[in-house]
Amino acid sequence: MKPEQTHPTSLSSPGQPEEIPGAVCVLTFNANDPSGAGGLTGDTTAMASVGAHALAIVTGTYVRDTTETVDFYPIDDEAVADQAQTIFQDVPIQAIKVGFAGSPENLAIIAQVTADYPEIPVIAYMPNLSWWEDDRIDQYLDAFQELVLPQTSVLVGNHSTLRRWLLQDWEHERAPTAREIAMAAAEHGVAYSLVTGVPVDNQHFDNVLTSGQAILGSGQFERLEVSFSGAGDTLSAALAALIACDNDLGDATREALLYLDGCLLAAYRPGMGKLLPDRMFWAQPDDEDDDAQGDEPSSDGGDAPDIDAFQLPPHDTSH
């Protein structure tokens, strides 16, 4: 999964500097997560694992452990703006990931930054916010919908989370399809949606890549009878990094899903709560008795998810 890296074997002589290749860089707006389940810890590790360098913009900090989120303290929006503007002046950026910003004010800063760089694809992840106060959730979702979705190239989120947010007036007895969720997102300017955890049956779920016009691919995976924390941040970070590494959206989605599956198969429990993805599973020594379990996908039938390749357009910057 991780691309081969080359290192210089000797120092250049004075006056003859050796040309050093630049890194593929992804700017990520996200919060500090002390548990290491997700947030900036998850982003930086996942991005490095698939070959990109993370430029981490801190939007605040969770107060949480591996069991639950207790509170959140956002960073002042001016501090978020200063972080982003300073690094943009120094480093070429190939993609932007938007994780949890923590406040409508920070979302406004993120929208301003992404609007200033319309050629850079934006991968936005919407986490489950049920731990937060209802009024703060409503304010945050409204601001995200108005300010960030028009800048978003790919929206990533769990089926139940996106359904509650984008289809609040859903009146049918059946659950909405991934494409119907994508249609709702497209009304706010989102080109593509990666909807995860779409129910199939008691043993399987789908991860569906779709636009408002058509389903572009899906990967059916087997349910694991355990509870994870940090899967969404891991998937969205890997997707952003793979797109930054010049993969088309179809290939990037396929590889990100397989990477996440390996992370979850090798998950561990550092505390008393949920399992955390092992984003460095590929670096662990092979277990001779297990035949490198972490390197094999758990998709139905053992095959890679069927995601068709296509190109990612720039995001729409109109408000």
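Please refer to the structure placed before this passage.
Okay, so let's go over this structure. All figures in this text were calculated on a predicted structure; none of them were measured in a lab.

With that settled, consider the nonpolar core. Of all hydrophobic cores here, the largest spans 48 residues; its most connected members are F29, I96, Y140, F144, L155 and W165. For this core, the element with the highest residue contribution is helix α4 (residues 134-148), accounting for six residues. Those residues within four positions of Y140 in sequence are excluded, and the remaining contacts are G99, F100, A101, G102, S103, P104, L107, M126, L129 and W132. Judged by nonpolar contacts, the second largest core, of 34 residues, contains A46, A52, A95 and I123.

Here strand β5 (residues 122-126) lies mainly inside the structure; five of its five residues are buried. Of the two faces of β5, both are covered, the one formed by V122, A124 and M126 as well as the one formed by I123 and Y125. Bridge count between strand β4 (residues 95-98) and β5: three bridges; the pairing is parallel. Paired with I96 across the two strands is V122, which belongs to β5. As for the winding sense of the linkage, the β-α-β connection from β4 through helix α3 (residues 104-116) to β5 is right-handed. Pairing of β5 with strand β6 (residues 154-158), which is carried by four bridges, proceeds in the parallel orientation. Bridge pairing in β6 places M126 opposite G157.

A separate point is the side chain of N30. When you line up the elements, N30 lands in strand β1 (residues 25-32). On the accessibility criterion, N30 (0% relative accessible area) is buried. Among the polar contacts made by the side chain of N30, one reaches the side chain of D43 at a distance of 2.9 Å.

Analysis parameters
Residues numbered from 1 in each chain as written. Predicted model: local features only at pLDDT ≥ 70, side-chain atom pairs only at ≥ 80, totals over all residues. Heavy atoms only, no water. Core = buried A, V, L, I, M, F, W, Y, C linked by side-chain atoms within 4.5 Å. Buried < 20%, exposed > 50% of the residue type's maximum accessible area, 1.4 Å probe, protein only. Helix = DSSP H or I, 4+ residues; strand = E, 2+ residues; numbered from the N terminus. Contact = heavy atoms within 4.5 Å. Pairing = 2+ DSSP bridges. Right-handed = clockwise from strand over helix to strand, strands pointing away. Polar contact = N/O pair within 3.5 Å; in protein donor to acceptor, adjacent residues only side chain to side chain.

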